[in-house]
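Coordinates in review
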Amino acid sequence: MATDETARRRPNPRWDQMRRTWYFFRRNTLAMIGLGILIFFVIVAVYAPFYPASGTNLQEYTSSDGAPPSEVTSPFPVICTYQPGELPPAPNCYQTPLGMPSVVAPTVDLKTGTLGPLPFGSLTLSPSGTQLFNTYAGMVKGSDWSLTISVGIVASGALIGVVLGVVSGYFGGVVDESIMRLTDIFLSIPSLLLVIIFLSVFGLNVLSIDLRVAIIMVAFIVVWWPIYARIVRGQVLVTREQRYVEAARASGATSGRIVRKHIIPNSVYPVFVQMSLDVGTIPLAIAAIVFIGFHLFTVNTFPEWGTITALSVSQSVLETFILSCQTSASTCVIPWWQFFFPGAALFMFAISVNFFADGLRDALDPRLRR
Amino acid sequence: MRLWIYIIRRLFLVIPVIIGVMTITFLLVSALPVSERLESALGTNPKVPYTPEVPCSKLGLNQSGECRNPFYYDGLKKLGLDQSPPVQWAIYMGNSLTGHWGYVGNGSGLAGQIPIARGQPVLTVLGWFLPYTLELAAFALAIIMAVSIPLGNLSAVYRNRPIDQASRVVSFSGFALPPFLLGSFVLFAVVLIVGGHSGISPTCSKVESYFDFFGSWPQIECFPGGLYPAWLKSGQISSPTGFPTIDAAIHGQWFLSLDTIIRMVLPALVIAYGTIAVLLRFVRNSMLEVLNLDFVRTARAKGVPERMVVKRHAGRNSLNVTITVVGLTFASFIGGFAVIETVFGLNGVGRLFAYSVTLTPIDFGVVFGSTILFTIIVVAANLIVDVLYAVLDPRVRLG
């Protein structure tokens, strides 16, 4: 009994190390900024499921005679084309700029003169401009999805990678050789290409959105685990030779116990750094895939940050802009709100994750601490 | 001599990697429905329906329960799809390793987009597109090295001072900004500066205008002032190497050669901006480690000027890490070309690949071909890096 008491009172060395890491991490201003932004995004993501979903779609209402649109009571904001200077025909009706019937800038709200129910403006989904998308609602809704997908992919990839890496590094021999050759193969293909091939084969014929999410996650996990396996194996090779492992083995610990109690806890720190880096990379990668031409998710039903960002600078947006510049210099307006808000959210997320990961690396690596 | 043995040994290690990559691609493409593959390879509506005397039992039924088109039965045999999967795999491997990379499909989405490529051997088509990508990659790599090595050294020497923080912010923002977004900003800026009227055509970011100047020359309409001579537009120039700048130089068109280089600057900068972050961090961290080693202290103690210590003693020794990281990041770097070439409308391999997979039906010939090609590029880059590593650092034992 008494020995149990003392064991419980003795401070846990792992806990001590975490506090030390936090001490060094706290002194890094950029890392703390990154952590702050990340916490903000997590709060938004937690709030997202309670945000009314119906607000993501806008409908176009073309009326210049002042008759109020019939959907006044609907939760959808309505786009109306009416003469400048006149009163809007309906309370939830937003005027569009001349020559660009399908684009609503955030400052167009005539009712209050401030950023209204469309604080981030709208995004054109169809070339005819009849389908518009409420960027703000989409970003809020999408934070949930984006964070879940990224964290899910990274966590699963890291889990597979850690298991295989530990097996490979600890047991060595044929197992090690075959796992490492497998990672060689995966690391020799540009990962984006493999994900794209995977999606093009499995993703295009699937209509259900849940299955598509599952497919994109599987595609990324297939590509993502080898890097973790590599990192963990390298760490395990070092940890395996430590004195405390030798001591554990000498005192009769089984392989399973050594791996669980000594090898894994002491070789996963670099994985945390890599994981936090990758969480920021995945929305960017999804955005790139959508930009290339995979419209995997329709934004009105599945607003995902990468998809919104990619659509905001799609080919049609660029072409509309160039065309508007050709007809006359006065109509040459960059539709900045289309890509600024989604792009900024994606950028802030990725950069805060990077600051965080960099701070974590500096705090964990004693050679960089000094 | 030992270096040669080392290179040959490394080359042997490359073989299983290539075979593995090909197998993975093969497995993925095998998951496609056979009807889709046939449609991609042969086209949907054959002009002359081929009608062999084949019973319905051999043709199988299509989705609506009718006897399958006999034309496709012929194609089934032509593509070897009537064999069992292992035999198909063996045939595919044999063909690929002997340089028969198949043909661009007759009915694939890619063939619809690039009519010139329809039915051509995949290797030939890749040969049209590869030089531009290689040139762009070399350009971007030069920018990356030129910026990240000095900047990394500086931020290590002035650690946690304003210059370190600034370089950190700049490099991380490059990492976090999606390349297509940055590319679009650049396009917006160019259009605003040049104006809509002078030379920027509405088809600038479109595909069709592009392939008139297939393989050798970048998009002409996109650039201001009509700088190109008229004879080039008619497509009468021959391209001995396929590399835009070199071809222009061979033809004595120095101005044109320079112009091609200038035109590559923006895409290369966009690519470089995204990759500098990775390299910069590694250069900084390895420099930090080297700066605390004994021989640097000795150099300082014996009175070597600080500038020389950083340049000669520490810089040389941290170079190894730099080279290794360049090799490691090459895979993600070259994969990003699909995006950049789509933004800027450049006719490189990345864009060819993007077409082959995003346009249905998928052109699996080009998918196979470009995957192998990208893998070879990455593997070759890693090999070169390893050899350089051994050459630069005499302490590295070849084995």
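This one's a predicted model, so the numbers in the text were calculated from it and none came from an experiment.

**Some remarks on the overall build of chain A**
The number of helices and strands found in chain A is 14 helices and five strands. Partitioning the intrachain contacts of chain A with sequence separation of at least 6 by distance along the chain shows that 62% fall at a separation of at least 24.

**Brief notes about the overall build of chain B**
The number of helices and strands found in chain B is 17 helices and zero strands. Taking all 399 residues of chain B together, 42% fall into the buried category. A fraction of 69% describes how many contacts in chain B between residues 6 or more apart in sequence connect residues 24 or more apart.

**A closer look at the interface of chain B and chain A**
With 53 residues of chain B in contact, the opposing surface of chain A contributes 50 residues. Elements that contribute at least two residues to the side of chain B that touches chain A include exactly α1 (2-30), α8 (162-176), α9 (179-194), α12 (254-291), α14 (306-335), α15 (337-344), α16 (349-358) and α17 (364-392) of chain B. If one sorts the elements of the side of chain B that touches chain A by residue count, α1(B) sits on top with eight residues. In terms of residue class, the side of chain B that touches chain A is built from 34 nonpolar, 17 polar and two charged.

**Digging into the environment of Phe180(B)**
The residue Phe180(B) is located in helix α9 in this model. Sequence separation between Phe180(B) and Val270(B) is 90 residues, and the spatial gap between their C-alpha atoms is 8.7 Å. Ignoring anything within four residues of it in the chain, the contact list for Phe180(B) reads Ala288(A), Phe291(A), Ala310(A), Val313(A), Val339(B) and Val343(B).

**Topic: the packing of helix α7 (residues 122-157) of chain B against α14(B)**
Residue and element names in this part refer to chain B. One way to put it is that α7 packs onto α14 with a least axis distance of 10 Å and a crossing angle of 135°. Considering their axes alone, α7 and α14 lie oblique with respect to each other. Crossing hand, α7 versus α14: right-handed. Of α14, the residues touching α7 (which contributes Ala-137, Ile-149, Asn-153 and Val-157) are Val-310, Gly-315, Thr-322 and Ile-334. Of the residues that constitute the contact of α7 with α14, the class distribution is five nonpolar, three polar and no charged.

**Some details on the environment of Val122(B)**
Residues and elements named next belong to chain B. By the secondary structure assignment, Val-122 is in helix α7. It is 20 Å that separates the C-alpha atoms of Val-122 and Val-378, two residues lying 256 residues apart in sequence. Ignoring anything within four residues of it in the chain, the contact list for Val-122 reads Trp-101, Gly-102, Tyr-103, Val-104, Gly-365, Val-366 and Gly-369.

**A word on the nonpolar core**
Formed by 169 residues in total, the largest nonpolar core has its most connected members in Val195(A), Ala288(A) and Ile289(A). In contact with Ile289(A), not counting residues within four places along its chain, are Val195(A), Ile196(A), Leu199(A) and Phe294(A). Listed in part, the six residues of the second largest apolar core include Ala41(B), Leu42(B), Tyr73(B) and Leu79(B).

**Things to note about the confidence of the model for chain A**
Residues and elements named next belong to chain A. The predicted model of chain A has a mean per-residue pLDDT of 79, with 73% of residues at 70 or higher. Put simply, helix α1 (residues 2-9) is where chain A has its lowest mean pLDDT, 56, and helix α3 (residues 29-47) is where it has its highest, 92. Note that pLDDT drops below 50 for residues 108-115; the model gives that stretch eleven contacts with residues more than four away or on any other chain.

**Some words on α15(B)**
In terms of residue burial, α15(B) counts as a mostly covered element, since eight of its eight residues are buried. Gly345(B) sits one or two positions beyond α15(B) and adopts a positive phi of about 65°.

**Some points on the confidence of the model for chain B**
All names here are of chain B. Residues at a pLDDT of 70 or more form 75% of chain B, whose mean pLDDT is 76. Taking the mean pLDDT of every element in chain B, the minimum, 40, falls on helix α10 (residues 230-233) and the maximum, 90, on helix α5 (residues 85-97). This stretch, residues 196-237, has a pLDDT under 50; its non-local contacts, to residues over four places away or in other chains, come to 71 contacts. Scoring of the predicted complex yields 0.84 for pTM and 0.81 for ipTM.

**Some points on the packing of α1(B) against α17(B)**
All names here are of chain B. One way to put it is that α1 packs onto α17 with a least axis distance of 10 Å and a crossing angle of 155°. The orientation of α1 with respect to α17, classified from their angle, is roughly antiparallel. You can see that α1 and α17 cross each other, and the crossing is right-handed. Contact with α1, carried on its side by Leu-3, Tyr-6, Ile-7, Arg-10, Val-14, Val-17, Ile-18, Val-21, Met-22, Thr-25 and Val-29, involves Phe-364, Val-367, Phe-368, Thr-371, Ile-372, Thr-375, Val-379, Leu-383, Asp-386, Val-387 and Ala-390 of α17 and no other residues of that element. Residue composition of the contact of α1 with α17, by class: 17 nonpolar, three polar and two charged.

**What about the environment of Val339(B)?**
Along the polypeptide, Val339(B) turns up in helix α15. A sequence separation of 68 residues divides Val339(B) from Ile271(B), and the C-alpha atoms of the two residues are 9.7 Å apart. Setting aside residues up to four positions removed in sequence, Val339(B) forms contacts with Ala288(A), Phe291(A), Ile292(A), Pro179(B) and Phe180(B).

Here is what the cut-offs are and how they apply
Residues numbered from 1 in each chain as written. Chains lettered and ligands numbered in written order. Predicted model: local features only at pLDDT ≥ 70, side-chain atom pairs only at ≥ 80, totals over all residues. Helix = DSSP H or I, 4+ residues; strand = E, 2+ residues; numbered from the N terminus. Contact = placed C-beta atoms within 7 Å. Buried ≥ 20, exposed ≤ 12 C-beta atoms within 10 Å, placed from the backbone. Nonpolar A, V, L, I, M, F, W, Y, C, P; charged D, E, K, R; others polar. Axes fitted to C-alpha atoms, helices over the stretch in contact; angles between N-to-C directions. Parallel < 35°, antiparallel > 145°, perpendicular 65-115°, else oblique. Left-handed = near helix turned anticlockwise from the far one by under 90°. Core = buried A, V, L, I, M, F, W, Y, C linked by C-beta atoms within 7 Å. pLDDT = per-residue confidence, 0-100.

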